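Given next are the chains, with one letter for each unit.
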Amino acid sequence: YGENAQPDDSSNIIQIQWSIAKAQLSAKAKDVVITYGDIPQLEAEVTGFVNGEDASSAAGYEAPVVSLPKGVTVEDLEPGETYTLSVSGGAAGNYEFASYEPGTLTVLPKGEVATPTVTTGLVYNGKEQRAIAENDAWTVSGAAAVNAGDYEATVTLNDGYVWSDGTTDPVTLS
């Protein structure tokens, strides 16, 4: 109390506002290489989660959207061309998307094929599930199973096709 101040029996409540800022996330469109005629799987890689969180555990998480260039559809993709992929949107309760980085989609010429993508995240459901999509360029053995476990599949090119590295030997994928 000051020199002339007197104690006061009243209680004054002071309200103070404060905040915690959202953590910042970065999203990059994953680079994709496909064989002409395949449908690209467009995904973003998101970084910046804190305290052990990730996309599956962050409250209110919605993945950003990866898009082909404006006006380009999957049907418009041309063999031998490269396209810039954009990424936008996304949300999460304690995070904000602060930066976006484009990626590329490369469409290999007909006759040249990328190594097939193995489907991940399969969970036993009692039905046959397929880990590698069929394609006119190759035949696949061992790519389907019913029971939980680890499997290997062999992909053999059909006549007239080569892998993007120029080889033609069968490829075994897990």
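For the structure, check the block above.
S.K.: Could you clarify how one ought to interpret the overall build of the protein in this entry?
M.R.: Each helix and strand counted, the protein has 0 helices and 14 strands in total. Its helices and strands in sequence order give the protein the pattern β-β-β-β-β-β-β-β-β-β-β-β-β-β, from N to C terminus. Dimensions along the principal axes, computed over C-alpha positions, put the protein at roughly 100 × 40 × 25 Å. Within the structure as shown, the protein displays about 12000 Å² of accessible surface, and the carbon and sulfur contribution to it stands at 47%. Charged side chains in the protein number 7 positive and 25 negative. The centres of these two groups are separated by 7 Å.

S.K.: I would appreciate a short explanation of the sheet that holds strand 6 (residues 95-101) in the present structure.
M.R.: By way of backbone hydrogen bonds, the strands of a sheet pair with one another, either parallel or antiparallel. One open sheet holds the 3 strands; their spatial order is 3-1-6, and the pairing between them is mixed. A single partner strand is all that each edge strand has here, and the edge strands are strand 3 (44-47) and strand 6. If you compare each strand with its neighbour and ignore which way they point, the axes differ by 30 degrees on average. Taken together, the 4 bridges between strand 1 (residues 23-29) and strand 3 define a ladder with antiparallel strand orientation. For Ala27, the partnering residue across the bridge sits in strand 3 and is Val46.

S.K.: Would you mind going over the sheet that holds strand 10 (residues 138-141) with me for this structure?
M.R.: Strand order across the open sheet formed by 3 strands is 10-12-14, with antiparallel pairing between neighbours. For this open sheet the edge positions go to strand 10 and strand 14 (171-173), each flanked by a neighbour on one side alone. The mean angle between the axes of side-by-side strands here comes to 25 degrees, regardless of whether they run parallel or antiparallel. Pairing of strand 10 with strand 12 (residues 153-157) involves 4 bridges; the strand directions are antiparallel. Residue pairing across strands places Val140 opposite Val155, the latter belonging to strand 12.

S.K.: Sorry if this is basic, but what is going on with the nonpolar core here?
M.R.: Side chains that are nonpolar tend, in soluble globular proteins, to be buried together. With 19 residues, the main nonpolar core has Leu77, Leu85 and Leu105 as its most contacted residues. Among the secondary structure elements, those contributing two or more residues to this core are strand 1, strand 2 (32-35), strand 5 (82-88), strand 6 and strand 7 (103-108). If near-sequence neighbours (up to four positions away) are discounted, Leu105 is found in contact with Val32, Ile34, Pro40, Leu68, Leu77, Glu81, Thr82, Tyr83 and Leu85.

S.K.: I keep staring at the packing of aromatic side chains and nothing clicks. Help me out?
M.R.: Each aromatic ring pair is characterised by the separation of its centres together with the angle its planes make. This model, assessed by the stated rule, comprises 4 aromatic pairs. Members of the aromatic cluster, each reached through a chain of ring pairs, are Phe49, Tyr61 and Tyr95.

Reading guide: rules and limits
- Residues numbered from 1 in each chain as written.
- Predicted model: local features only at pLDDT ≥ 70, side-chain atom pairs only at ≥ 80, totals over all residues.
- Heavy atoms only, no water.
- Helix = DSSP H or I, 4+ residues; strand = E, 2+ residues; numbered from the N terminus.
- Areas by Shrake-Rupley, 256 points an atom, 1.4 Å probe, with all protein chains shown as cover.
- Lys, Arg positive; Asp, Glu negative; His and termini not counted.
- Charge placed at Lys NZ, Arg CZ, Asp CG, Glu CD.
- Pairing = 2+ DSSP bridges.
- Axes fitted to C-alpha atoms, helices over the stretch in contact; angles between N-to-C directions.
- Core = buried A, V, L, I, M, F, W, Y, C linked by side-chain atoms within 4.5 Å.
- Buried < 20%, exposed > 50% of the residue type's maximum accessible area, 1.4 Å probe, protein only.
- Contact = heavy atoms within 4.5 Å.
- Phe/Tyr/Trp six-rings, centres within 6.5 Å; stacked < 30°, edge-to-face > 60°.

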